[in-house]
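Structural characterization, general
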Amino acid sequence: METPDIFYVEDDLDYAFFMQSAVQEVKDTLNLAIVEDGTEAMLKLKQFAESKTKPKLILLDLNLKGLSGLDLLKFIKDIPYLKSVPVILFSTSDHPDDVKKSIEFGANAYLTKPDGYDNLVKCVHSVHDFWFNQHLRMN
């Protein structure tokens, strides 16, 4: 199993397509794996742990079919092998309660999905710069 650099759980296929394009525009060597629902994501995360492979970053949509992003976050943080992987909740919601719950459950960050493709590219560039350039150098 090829380990993705970014494991992205997103049930909006159009947004997932735009994310794939934005990631390739920011850095075309990044491997992005996308799954569409929480249940499928949980199975893939179990496979990562069993095969002792892990993505460098996990992006979770908050509102998913099946298990929610918060359910997946709890699941990730309960698996010793995966709990060190940075997890970012990436949602259309900017409600303070959603942000608070995400951080309380162990998210490393919470980002509101930007409007428009150009803003998404800027967001992905910022995420890449911090989590792949700055953060990984420190760890």
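Before going into details, it helps to say that this report is about the structure given with it. (Residues numbered from 1 in each chain as written. Predicted model: local features only at pLDDT ≥ 70, side-chain atom pairs only at ≥ 80, totals over all residues. Heavy atoms only, no water.)

1. Some thoughts on the pairing of strand β1 (residues 6-9)
The two faces of β1 match: Ile6 and Tyr8 on one face and Phe7 and Val9 on the other face are all buried. Taken together, the 4 bridges between β1 and strand β2 (residues 32-35) define a ladder with parallel strand orientation. Paired with Ile6 across the bridge in β2 is Leu32. Handedness of the crossover joining β1 and β2 through helix α1 (residues 13-26): right-handed. (Buried < 20%, exposed > 50% of the residue type's maximum accessible area, 1.4 Å probe, protein only. Helix = DSSP H or I, 4+ residues; strand = E, 2+ residues; numbered from the N terminus. Pairing = 2+ DSSP bridges. Right-handed = clockwise from strand over helix to strand, strands pointing away.)

2. Some details on the pairing of strand β4 (residues 87-91)
A large share of β4 lies buried, amounting to 5 of its 5 residues. Alternating residues of β4 divide into Val87, Leu89 and Ser91 and Ile88 and Phe90, and every residue in both groups is buried. Relative to β4, strand β3 (residues 57-60) runs parallel, the two being bridged by 3 bridges. Directly across from Leu60, in β4, lies its bridge partner Leu89. Where the polypeptide runs from β3 across helix α3 (residues 69-77) and back to β4, its parallel neighbour, the crossover connection is right-handed. Bridge count between β4 and strand β5 (residues 109-112): 4 bridges; the pairing is parallel. Bridge pairing links Ile88 to Ala109 in β5. The handedness of the β4 to β5 crossover, carried by helix α4 (residues 96-104), is right-handed.

3. Some details on unusual backbone geometry
The residue Lys52 is not glycine, and still its phi comes out positive at about 55°. Within the secondary structure, Lys52 is located in the loop between α2 (38-50) and β3. Given the relative accessible area of 55%, Lys52 is considered exposed.

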